[in-house]
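# Close look at the chain arrangement
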Amino acid sequence: MSIVLATARPDALAGFSKALAEGTGQAVETVPSGGATLERVAANPPALVVIDEGLPDHKPLDLVREVMMVSAMTLTAVVTAMSEEEFHEEAEGYGVLMPLPMDPVAADGLELAKRMSGI
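Just so you know, the residues in each chain are numbered from 1, in the order the chain's sequence is written. Totals for whole chains, interfaces and linings use all residues, but because this is a predicted model, local features are given only for residues with pLDDT of at least 70 and pairs of side-chain atoms are given and counted only at 80 or more. Where side-chain values are given, they derive from all heavy atoms of the structure, hydrogens and water being excluded.

To continue, consider the packing of helix α2 (residues 34–43) against helix α3 (residues 60–70). The interhelical angle for the contact between α2 and α3, taken along N-to-C directions, is 20°, at an axis separation of 10 Å. Taken together, the axes of α2 and α3 lie roughly parallel to each other. Every pair of crossing elements has a handedness; the one defined by α2 and α3 is right-handed. Counted together, G34, T37, L38, V41 and A42 of α2 and L63, E66, V67 and V70 of α3 form the full contact between these two elements. Gly falls in the polar group here, along with every residue not listed as nonpolar (Ala, Val, Leu, Ile, Met, Phe, Trp, Tyr, Cys, Pro) or charged (Asp, Glu, Lys, Arg). The class makeup of the residues in the contact of α2 with α3 is six nonpolar, two polar and one charged. Interaxial angles span 0 to 180 degrees and are taken between N-to-C directions of axes, which are lines fitted to C-alpha atoms, for helices over the stretch in contact. Each helix corresponds to a stretch of at least 4 residues labelled H or I by DSSP, and each strand to a stretch of at least 2 residues labelled E; elements are numbered beginning at the N terminus. Convention used here: angles under 35 degrees read as roughly parallel, angles over 145 as roughly antiparallel, angles from 65 to 115 as roughly perpendicular, and any remaining angle as oblique. Note: crossing handedness is left-handed where the near helix turns anticlockwise from the far helix by less than a right angle, and right-handed where it turns clockwise. Should any heavy atoms of two residues lie within 4.5 Å, those residues are considered in contact.

Spelled out as structure tokens, the structure:
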């Protein structure tokens with residue numbers, strides 16, 4: 001299995017991505033758009049898709065829904081500017097593993113890896 005990081009700013013998320021890879025022992029593949037994410041999920045479903053806000057073609061929670069329709073077993077996490085309360089209200093029922101801050105750091109990657117290991 002692997003992890004897909006959907007982001008238009010891979011350099012800004014490099015520390016997060018590296019820690020996530022190290023914490024899970026899985027490769028993290030970066031894709032630049034929602035469309036590329038869906039193609040990747042359809043071709044070879046990953047264990048996890050991390051969706052960054054600001055993709056050129058999808059809003060994060062819309063992409064979560066589409067990923068779920070393509071691969072119901074794929075976990076998701078979302079980088080978002082929403083407050084935790086607002087996020088839980090908007091994402092209720094989507095099974096999102098966790099929201100992440102807009103500028104996730106290595107510690108966030110390790111926390112996400114820890115949550116994945118508990119599933």
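Two strands qualify as a pair provided that DSSP identifies no fewer than 2 bridges between them. One ladder, built from four bridges, connects strand β1 (residues 3–6) with strand β2 (residues 28–31); its direction is parallel. Residue pairing in the sheet places I3 in a bridge with V28 of β2. For a crossover, the right-handed case is the one in which the path from the first strand over the helix to the second runs clockwise, viewed with the strands pointing away from the viewer. In this region the chain leaves β1, passes through helix α1 (residues 14–24) and returns to the parallel neighbour β2; the handedness of that crossover is right-handed.

Counted as salt bridges are all cases of a side-chain nitrogen of Lys or Arg within 4 Å of a carboxyl oxygen of Asp or Glu. Scanning the model with the defined rule gives six salt bridges in all. We note a salt bridge from R9 to D52, for which the minimum N-O separation is 2.7 Å. Separated by 43 residues along the polypeptide, R9 in the loop between β1 and α1 and D52 in strand β3 (residues 48–52) bring together distant segments of the chain. Taking the relative accessible area as the measure of exposure, R9 reaches 22% and is therefore partly exposed. Judged by its relative accessible area of 1%, D52 falls in the buried class. Ionic pairing is found between E111 and R115, a salt bridge with its closest N-O pair at 3.0 Å. Here the residue E111 and the residue R115 both occupy positions in helix α5 (residues 106–117), the gap between them amounting to four residues, near one helical turn. We classify E111 as partly exposed; its relative accessible area is 28%. Per-residue accessibility, obtained with a 1.4 Å probe over protein chains only, is compared with the maximum for each type, and a residue is labelled buried under 20%, exposed over 50%, and partly exposed between these values. You can call R115 partly exposed: its relative accessible area is 37%. Taken together, the salt bridges that share partners define one network made up of R9, D52 and D103.

As a further point, take α2. When we look at burial in α2, the residues that qualify are G34, T37, L38, R40 and V41. For α2, the arc enclosing every buried residue in end-on projection is 165°, short of the 170-degree limit, so these residues lie on one face. Those residues of α2 that are exposed and aimed more than 90 degrees away from the buried face are E39, A42 and A43. In the core, the buried residues of α2 are packed alongside β1, β2, β3 and α3. Think of a polar contact as two N or O atoms within 3.5 Å of one another; within protein, one of them needs to be a possible hydrogen donor and the other a possible acceptor, and neighboring residues in sequence only count if both atoms come from side chains. A side-chain oxygen of the first residue of α2 lies 3.1 Å from the backbone nitrogen of A36; this N-cap is S33. Along the arc lie the directions from the helix axis toward the C-beta atoms.

As used in this record, nonpolar core signifies buried Ala, Val, Leu, Ile, Met, Phe, Trp, Tyr and Cys residues forming a set joined through side-chain atoms within 4.5 Å. One finds L20, L48, V50, L100 and L112 to be the most contacted residues of the largest nonpolar core, which totals 17 residues. Those elements that provide at least two residues to this core are β1, α1, β3, β4 (75–79), β5 (96–100) and α5. Excluding its chain neighbours within four sequence positions, the residues that come into contact with L20 are I3, V28, L48, V50, G109, L112 and A113. Within the second largest apolar cluster, 16 residues are counted, among which are A6, V49, I51 and L61.

Geometry only, nothing functional implied.
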